[in-house]
Each structure stands twice: as structure tokens, then as C-alpha cells.
Amino acid sequence: MPATVVVGTQWGDEGKGKFTDLLARDMDVVVRYQGGHNAGHTLVVEGQTFKLQLVPSGVLYSHVTPMIGNGVVIDPRVLIEEMDRLTEAGVDCGRLKISGNAHLIFPYHQTLDVVAERHLGRNKLGTTKRGIGPAYADKAARVGLRVQDLLDPKIFREKLGVVLHEKNPLLAKVYNRLPFDLDTVADEYLEECGPRLAPHIADTVGLLHDSLEAGQNVLFEGAQAMFLDLDHGTYPFVTSSNPVAGGACVGAGIGPRHIDRVIGVTKAYISRVGSGPFPSELTDEIGDHLVDVGREYGTNTKRRRRCGWLDTVMLRQAVRVNSLSDLAITKLDVLDALDPIRVCVAYEVDGERRTSMPYHQSEIHRAVPIYEELPGWRTDLSKVGDRSELPQAAEDYLCFIEEQAGVPATLVGVGPGRDQFITFSPVP
Ligand code: IMP
């Protein structure tokens, strides 16, 4: 499959990193197409743990060219720190390519993210406070600075001056915060970050198409997930980019006809960080069990994730919006001790049974989950290496998900390690 997209089908933290890493083995290029350092992947390779925020997972393979596409927002200080950490751990970052069109995150974006959340009070979105929303807002308002501006100090200072002329009074007069000094910010970005990133800044669209034309395999790696998508998620409790598969076209620079396979990564249950509706949320001891066994704390922010049963109303919507060809199901082993296991198959909204996603936000808030109950397997799955070794109840659970989604599950994760997975159905 020359061009494959990996997307999350829930509210993020589905464990996309594990399968992206697995798939990257057979790839020549891995491209990140949206988001910023609000994302966090944890990869466990031969006992060594790697935490990635901006660098695509493929960096761990020496044959892969990792690319950060134009759709990503980059805090260059964070990216450099991440590259340094990887280099120290023996990972070569020399092959990393960064789109010159990707937008930059500045310290004022981060401050604005924090003060805007405080301003919303109990209606806050629960953002990661990394400046993601304010940076994308500047991009849409056409006042953002891009990675390529780091290569042109005169233009950089001019543009930054225009932006600070507006941001500083906003910060000082509306939010009672100190203004940012143009020279301090510009010096740090131009003198410290620019020279470090310059060797990596490239025409990623050109390189990507050269690879596709040469018949190479390319993986498009989405951060966050379908229900955090700015257009298709549970707005306003979403991120400010488009994690859906279509976002790969815009955020990397390819047309939809190039995409051959779209893998939807689906956790065997669901988690969510931050605010927003969550029909199948569990606030009881089963929810606590999922948090504990699934280690459901943010990779970067350390926030405790809200957990609940798998919701196939959401899954079917994800299949439609992303044209999913198959599913990669993660963390099946986290359900090992639960019996029975419930799956939300429909919602009751104002007395009516709904099997597809209500489009009106307040209906999603009012949706009461309708569950089907399946027997648990009460067996440790962490050492299962083949479908034939699965207990019948686990096999039935996976087949039930396939039937509900209408697409096959090809890969199933049974533990955090690189080799803890099974191949379930063949790739369609
Ligand atoms: P932002 O992306 O920092 O603006 O946050 C917006 C919403 O997306 C918040 O609810 C965050 O918790 C959520 N979010 C952002 N990135 C991730 C992620 O990588 N995993 C899970 N949730 C995320």
C-alpha cells in the first residue's frame, strides 16, 4: 500500500503511536500532518521508552525519512529539545524534514491559551495549554509566522512586530499580563532555533511526491483523533486542526486519489481528556479500573483521562467520515479482568433510539447510552501472539466490533511492547 493514513477514531490516546511504529517498519516516509506538541506518543522499544511529541514515529527506523508537514504547528524550542533527547538516546534525527510552510508557536500563543481558558471559567475546554488554538487562529487570520520565516531575519522581525503590536495590548489590557519584547523573542527564535532547524527545513510537498512517484511507501500519521476534529468533533471541545483522514491531504499536500488505505485506531474502550460530552463515560469503580490498568494519564500533561465503554455509534461515524478501510484495535488486554464487558451500540435521545451520531451538540450531551453485554474472558492476553490463541470470548468481542463497524479489524494490541500484537483479519 504506497499511501496509508493512520487516524484515531475516538478522542485521542488510542495508542496510535504503537501501530504507527509497527507500520513504519515497511515505510520509506512517515509524515505528521496536523497538531503540535499537544500530542504525545509513548513507544516501548526493547525495554527503552521513547516519548515523542512532534517528531514522527518513523524516526526510530534508520531507513525512514520522517517529515513534519505544513499542517503542523511547531514550537521550535520544544522540537529542538525533543531532537536532542532522541539524539542522546542514540536515535539519528539527521533525516528529519520540516515543511517551511508549517506555522510557528510563540510564547504569546501559550500565554493566550492559558488566559483564554481561565476567562472561560467553568466552560473551559480543558486544552493542553500549549498554544495550539491561538497559533492556528493566527494561521487562519493570516498573521502567523511560518518555519520558513526563520530563514529570513528581516521579514521575521517585521512580521513579529506587526503581531506583537496587536497581542501585547490584548495581553496587557484585557488579561492583565506582561507584554512580550520583540527583540527577546526574535533573538531566541532567530539566533538559537533558526540555525538548529535550518538543515531540516525543506519542500516537503516536493519530496513527498518524488517518493510517491518512485513507488515508495508513505505513512501519514494523524495526532489527536476524529472526535477532536475542528469540523467533525464535539465542537467546541475539540482541537484546532483536522485530524480526520482528509486532513492528511491538506496538511501534507496530496490529493485524495493517492490514499490507498485508512487505518482507524480504536481503543478497546474509550478515554477522553479535557471537557466535553462522553455518553459512555464510567464514573464508577470500572472507570477507575480502566484508568489504573490502562495507565490512562496524559503522556505530556499527566492529566487523568476519563474512561468509558467502547461506543460503536462513534465508531460508525468515524468509519464514514474517514473512509476507514480497517481497524487497529489497541489495549484489548486492559479488559482482561472485566466480566461482563459492555459496548454502547446506540443512544437514547428524548425517548428515541439513535444508531447514528446526532448532529446537534445538545443531543450528544443528552444522549443516554444503550449497551449490549458480552462475556469477559478473564484471561491474561499479554502473551497471546496469534489469533488462534485468543479465548473465545475475546474473539467474539473483536468480531462484534467488526460487525458493528462494518470494516475488519486487522491488528490487535495486547500490551505496550512493540511485539505485543496479533494480526486478526487480513488487510482488505
Ligand atoms: P488543545 O489541542 O491543546 O487546544 O486542546 C483541545 C482539546 O483537545 C482538549 O480537550 C485536549 O485535552 C484535547 N487534546 C489535545 N491533544 C490531545 C491528545 O494528543 N490526546 C488527547 N486529547 C488531546
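All values derive from a computational prediction rather than experimental measurement.

Moving on, we come to the packing of aromatic side chains. By the definition in use, this model includes 8 aromatic pairs. Centre to centre, the rings of Phe106 and Phe156 are 5.9 Å apart; their planes meet at 50°, and the pair counts as tilted. Here Phe106, found in the loop between strand S8 (103–104) and helix H3 (107–120), pairs with Phe156, found in helix H5 (residues 153–174); they are 50 residues apart in sequence, far enough to count as distant. Of the residues examined, Phe106 reaches a relative accessible area of 0% and is grouped as buried. On the accessibility criterion, Phe156 (0% relative accessible area) is buried. An aromatic cluster is defined as three or more aromatic residues linked by ring pairs; in this entry it consists of Phe106, Tyr108, Phe156, Phe180 and Tyr189.

Turning our attention to the side chain of His109. Of note, His109 is situated in helix H3. Of the residues examined, His109 reaches a relative accessible area of 2% and is grouped as buried. Aside from chain neighbours lying at most four places away, what touches His109 is Leu104, Gly131, Pro134, Ala135 and Asp138.

Bringing helix H9 (residues 285–293) into the picture now. For H9, the complete set of buried residues consists of Gly287, Leu290 and Val291. Within H9, the buried residues cover an arc of 100° as seen down the axis, which keeps them to one side. Every exposed residue of H9 that faces more than 90 degrees away from the buried side is listed here: Glu285 and Asp292. Against the buried residues of H9 lie strand S13 (306–308). Measuring from the backbone nitrogen of Ile286 back to the side-chain oxygen at the start of H9 gives 3.1 Å, which picks out Asp284 as the cap.

With that out of the way, let us pick up the site of the ligand. Lining the immediate environment of the ligand, one finds 15 residues, of which Asp13, Asn38, Thr128, Thr239 and Arg303 sit closest. Within the backbone of Gly126, a nitrogen or oxygen atom sits 3.3 Å from an oxygen atom of the ligand. Within the contact set of the ligand, an oxygen atom lies 2.6 Å away from a side-chain nitrogen or oxygen of Thr239. Here the residues of the shell around the ligand sort into 6 nonpolar, 7 polar and 2 charged.

In this section: empty space enclosed by the protein. Taken as a whole and assessed by the stated rule, the structure comprises 1 cavity of 30 Å³ or more. Quantified by volume, the largest cavity comes out at close to 40 Å³. What lines the largest cavity is Lys18, Asp21, Leu43, Val44, Val45, Pro416, Gly417 and Arg418. Ranked by residues supplied to the lining of the largest cavity, first place goes to strand S3 (residues 41–45) with 3 residues. For the lining of the largest cavity, a count of residues per class yields 4 nonpolar, 1 polar and 3 charged.

In terms of nonpolar packing, the biggest core is built from 71 residues, with Phe220, Leu327, Leu332, Leu335, Trp377 and Tyr397 touching the most fellow members. In contact with Phe220, not counting residues within four places along its chain, are Ala3, Thr4, Val5, Val6, Val31, Tyr33, Leu208, Ala248, Ala252 and Ile254. Leu52, Leu104, Val147 and Tyr189 belong to the second-largest nonpolar core, a separate cluster that totals 41 residues.

Another point: the packing of helix H2 (residues 76–88) against helix H6 (residues 182–197). Viewed as axis vectors pointing N to C, H2 and H6 meet at an angle of 40°, and their least axial separation amounts to 10 Å. Classified by the angle their axes make, H2 and H6 are oblique. Here H2 runs over H6; the crossing is left-handed. Counting all contacts with H2, which are made through Pro76, Arg77, Leu79, Ile80, Met83 and Asp84, the residues of H6 involved are Glu188, Tyr189, Glu192, Cys193, Arg196 and Leu197. In terms of residue class, the contact of H2 with H6 is built from 7 nonpolar, no polar and 5 charged.

Criteria and cut-off values
- Residues numbered from 1 in each chain as written.
- Predicted model: local features only at pLDDT ≥ 70, side-chain atom pairs only at ≥ 80, totals over all residues.
- Heavy atoms only, no water.
- Phe/Tyr/Trp six-rings, centres within 6.5 Å; stacked < 30°, edge-to-face > 60°.
- Helix = DSSP H or I, 4+ residues; strand = E, 2+ residues; numbered from the N terminus.
- Buried < 20%, exposed > 50% of the residue type's maximum accessible area, 1.4 Å probe, protein only.
- Contact = heavy atoms within 4.5 Å.
- Arc of directions from axis to C-beta.
- Polar contact = N/O pair within 3.5 Å; in protein donor to acceptor, adjacent residues only side chain to side chain.
- Near = heavy atom within 4 Å.
- Nonpolar A, V, L, I, M, F, W, Y, C, P; charged D, E, K, R; others polar.
- 1 Å grid on protein atoms, 1.4 Å probe; cavity = no way out; pocket = protein on both sides within 12 Å on 5 of 7 lines; lining within 4 Å.
- Points joined across faces, edges and corners; volume = space filled by probe spheres on them.
- Core = buried A, V, L, I, M, F, W, Y, C linked by side-chain atoms within 4.5 Å.
- Axes fitted to C-alpha atoms, helices over the stretch in contact; angles between N-to-C directions.
- Parallel < 35°, antiparallel > 145°, perpendicular 65-115°, else oblique.
- Left-handed = near helix turned anticlockwise from the far one by under 90°.

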